[in-house]
Amino acid sequence: MQEFVLRTRLCFADNALNKLKTLAYQKILLVTDPFFVKNSMAQKIVSLCTQAQVQIFDQVQPDPPLKLIAQGVAMMQAFGAEAIIALGGGSAIDCAKGILSMCGLEVDLIAIPTTSGTGSEVTSFAILTHDNIKHPLVEDRLRPTLAILEPELLSKLPKSLIADAGMDALAHCIEALAAKNASVFSDALAMHAAAILLEKLPLSYRGDISVRGEIHCAASMAGIAFDNAGLGVCHALAHALGGMFHVAHGKLNAVLLPTVMRHQAVSAYEMLAKRCGLSGARGLIFAIERLRRSLELPETLSKAGIRREELLSRMQELCDAAAKDPCMNTNPRQSSKEELAQIVREVL
C-alpha cells in the first residue's frame with residue numbers, strides 16, 4: 001500500500017496576500033527576519049490581518065539554532081497566539097516550525113515564502129541547527145495549514161538567491177523521482193516541476209520577472225513531491241556540509257547533484273529525460289550541469305568556499321553525519337560511508 005498526503009491549502013497568483021484578510025484568529029505571531037521589518041513588508045502583513053492582534057518575532061537568522069527557537073517559544077507562550085505566520089525564506093519557515101513543534105500549543109501555521117526553493121511551505125520537514133550540525137525535524141503537524149504564494153514578493157530577488165533556491169528545488173524533484181516512496185502522484189508533480197525549473201530558471205536569473213510566479217509554484221510542487229516520496233544522498237550530504245561549513249544549501253546541492261546522479265544511476269532519470277526531450281539520463285545530467293553554469297554556481301566544493309584540507313580532515317565526521325540523516329532512509333539504494341566519501345572527493 002502507498003499513501004500520498006495533502007494538507008496545505010495553497011493560495012497563489014496575483015493578490016494572494018489578500019487571503020490574510022479572511023483569517024479569523026485573534027492573536028498571531030509573525031516570524032520573520034530583520035530585513036522584512038526594514039523594508040516594511042512585515043508591517044504590510046500585519047495590516048492585512050485585520051481581525052487579529054499581531055506580535056512580531058523578527059530575530060530569524062540563517063540555519064536557525066535551537067537557542068533562537070527557544071526565544072520564539074517563550075514569546076509565543078507569553079502572547080498566547082492561536083496561529084503563526086512565517087514570512088521569509090526557508091530559515092524563517094523552519095524557525096516557525098521549530099516554535100510550533102516545541103511550544104506545546106495547538107496552533108495553525110501559515111507560510112508566506114519569499115524564495116522559490118525549499119518547499120517548506122508545504123512539507124512536514126524543518127531543518128534546525130545545534131552544535132554546527134543540521135538536524136532534520138519531521139512531523140506531520142509541521143505541514144502548514146495555509147501557504148500563500150505571492151508573486152509580488154519575488155520582483156526584487158537577488159540573482160544569487162534565484163540560483164541557490166532554484167537548484168534546491170530542482171534537487172528536490174530529482175531526488176523525489178528516485179526515492180523509495182515515490183508514487184505516480186509524486187512523480188507527476190516532480191516531473192512537471194523539474195521541466196519548469198530547467199526551462200525557466202535561466203530566464204528568471206537574467207531578470208525576467210514574468211516567470212517567477214510559475215517557478216514559485218514549481219518549488220511548492222517539488223516540496224509536495226519530496227514530502228511524500230522522500231529524498232536521498234544529495235540532501236543528506238548537503239545537510240552535513242552546510243552544518244559544518246555554513247555554505248548555502250542550494251549551492252551545495254548544485255555541486256553535488258550531477259555526481260550523485262551518476263552514482264545512483266536509477267531508471268527514474270530516464271523517465272524525466274524523456275519528459276524533457278533529453279537523450280537519456282546522461283543528457284539530463286548534462287542539462288543540469290549546463291543549468292548550473294548558466295546560474296553561475298560553483299562546480300566544486302572548493303569553489304563554493306570550503307577549504308580542501310579542512311574538509312579532508314573532517315571526512316569521517318562528515319560521512320557519519322550524512323549517514324545518520326533521515327534523507328538516507330528513502331535513498332533509492334544502500335549507500336555506504338565509503339561511497340559518501342567517494343562522492344565528496346569527486347566534487348572537491
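The preceding data block contains the structure.
Now for a quick tour of the structure. (Residues numbered from 1 in each chain as written. Predicted model: local features only at pLDDT ≥ 70, side-chain atom pairs only at ≥ 80, totals over all residues. Heavy atoms only, no water.)

A closer look at the overall build of the protein chain
When helices and strands are counted, the protein chain shows 14 helices and 8 strands. In terms of C-alpha radius of gyration, the protein chain reaches 19 Å, essentially the compact-globule figure of 20 Å for 348 residues. Once the C-alpha set of the protein chain is aligned to its principal axes, its extents read approximately 55 × 45 × 40 Å. Looking at the protein chain as a whole, 59% of its 348 residues are labelled buried. Here the contacts in the protein chain between residues at least 6 apart in sequence split such that 79% fall between residues at least 24 apart. Of the roughly 14400 Å² that the protein chain leaves accessible, carbon and sulfur atoms contribute 52%. Separation of charge centres in the protein chain, based on 34 positive and 35 negative side chains, amounts to 3 Å. (Helix = DSSP H or I, 4+ residues; strand = E, 2+ residues; numbered from the N terminus. Rg over C-alpha atoms; globule rule 2.2 N^0.38 Å. Buried < 20%, exposed > 50% of the residue type's maximum accessible area, 1.4 Å probe, protein only. Contact = heavy atoms within 4.5 Å. Areas by Shrake-Rupley, 256 points an atom, 1.4 Å probe, with all protein chains shown as cover. Lys, Arg positive; Asp, Glu negative; His and termini not counted. Charge placed at Lys NZ, Arg CZ, Asp CG, Glu CD.)

Overview of the side chain of Lys200
Examined against the element boundaries, Lys200 turns out to sit in helix α6 (residues 184-205). For Lys200, the contacting residues outside a window of four places in its chain are Val211, Glu214 and Ile215.

Observations concerning the environment of Ala222
Tracing the sequence through the fold places Ala222 in helix α7 (residues 212-229). What makes Ala222 buried here is its relative accessible area of 0%. Once you skip the residues sitting within four places of it in the chain, Ala222 turns out to touch Ala169, His172, Cys173 and Ala193.

Focus: the packing of aromatic side chains
Summed over the entire model, instances satisfying the criterion amount to 3 aromatic pairs. Between Phe4 and Phe185, the ring centres sit 5.5 Å apart and the planes meet at 35°, which makes this aromatic pair tilted. Within this pair, whereas Phe4 is found in the segment before β1 (9-12), its partner Phe185 is found in helix α6, the two being separated by 181 residues in sequence. A residue is classified by how much of its surface remains accessible, and Phe185, at 54% relative accessible area, is exposed. Ring centres of Phe35 and Phe36 lie 5.1 Å apart, and the angle between their planes is 80°; this geometry places the pair in the edge-to-face category. Taking the ring centre of Tyr205 as reference, the NZ or CZ of Lys159 above it sits at 4.5 Å. Geometry around Phe245 places Arg314 over its ring, the cationic atom sitting 5.7 Å from the centre. (Phe/Tyr/Trp six-rings, centres within 6.5 Å; stacked < 30°, edge-to-face > 60°. Lys NZ or Arg CZ within 6 Å of the ring centre and 35° of its normal.)

Brief notes about helix α14 (residues 337-346)
Within the sequence span of α14, burial applies to Glu339, Leu340, Ala341, Ile343 and Val344. For α14, the secondary structure elements touched by its buried residues are α8 (233-245), α9 (249-264), α12 (308-313) and α13 (315-324).

Let's talk about the sheet that holds strand β3 (residues 53-57)
Taken in spatial order, the 6 strands make up an open sheet running β1-β8-β5-β4-β2-β3, and their pairing is parallel. Both edges of this open sheet fall to β1 and β3, since each of them pairs with a single strand only. Each adjacent strand pair in this sheet contributes to an overall mean axis angle of 20°, direction not counted. Examined bridge by bridge, β1 and strand β8 (residues 146-149) share 4 bridges and lie parallel to one another. (Pairing = 2+ DSSP bridges. Axes fitted to C-alpha atoms, helices over the stretch in contact; angles between N-to-C directions.)

Concerning unusual backbone geometry
Positioned with a positive phi, Asn15 is a non-glycine residue whose angle comes to about 65°. Turning to its location among the elements, Asn15 is positioned in the loop between β1 and β2 (27-31).

Thoughts on the packing of helix α5 (residues 159-178) against α6
At a minimum axis separation of 9 Å, α5 and α6 run at an interaxial angle of 160°. Comparing their axes, α6 and α5 come out roughly antiparallel. In the packing of α5 onto α6, the handedness of the crossing is left-handed. Mapping the contact onto sequence places Lys159, Ile162, Ala163, Gly166, Met167, Ala169, Leu170, Cys173, Ala176 and Leu177 in α5 and Asp187, Ala190, Met191, Ala193, Ala194, Leu197, Leu198, Leu201, Ser204 and Tyr205 in α6. (Parallel < 35°, antiparallel > 145°, perpendicular 65-115°, else oblique. Left-handed = near helix turned anticlockwise from the far one by under 90°.)

Thoughts on the environment of Ile85
Within the secondary structure, Ile85 is located in strand β4 (residues 83-88). Sequence separation of Ile85 and Ser302 is 217 residues, and the distance between their C-alpha atoms is 37 Å. Contact partners of Ile85, with chain neighbours within four places excluded, come to Leu20, Leu23, Ile28, Leu29, Leu30, Val31, Ile45, Cys49, Ile110 and Ile112.

Structural notes on the pairing of strand β5 (residues 108-113)
Counting buried positions over the 6 residues of β5 gives 5, a clear majority of the element. Alignment of β4 against β5, held across 6 bridges, turns out to be parallel. Its bridge partner lying in β5, Ala86 is registered against Ala111. In this fold, β4 hands off to helix α4 (residues 90-102), which returns the chain to β5; that crossover is right-handed. Bridge analysis of β5 against β8 gives 2 bridges, and the strand direction is parallel. What sits directly across from Ala111, in β8, is Ala147. (Right-handed = clockwise from strand over helix to strand, strands pointing away.)

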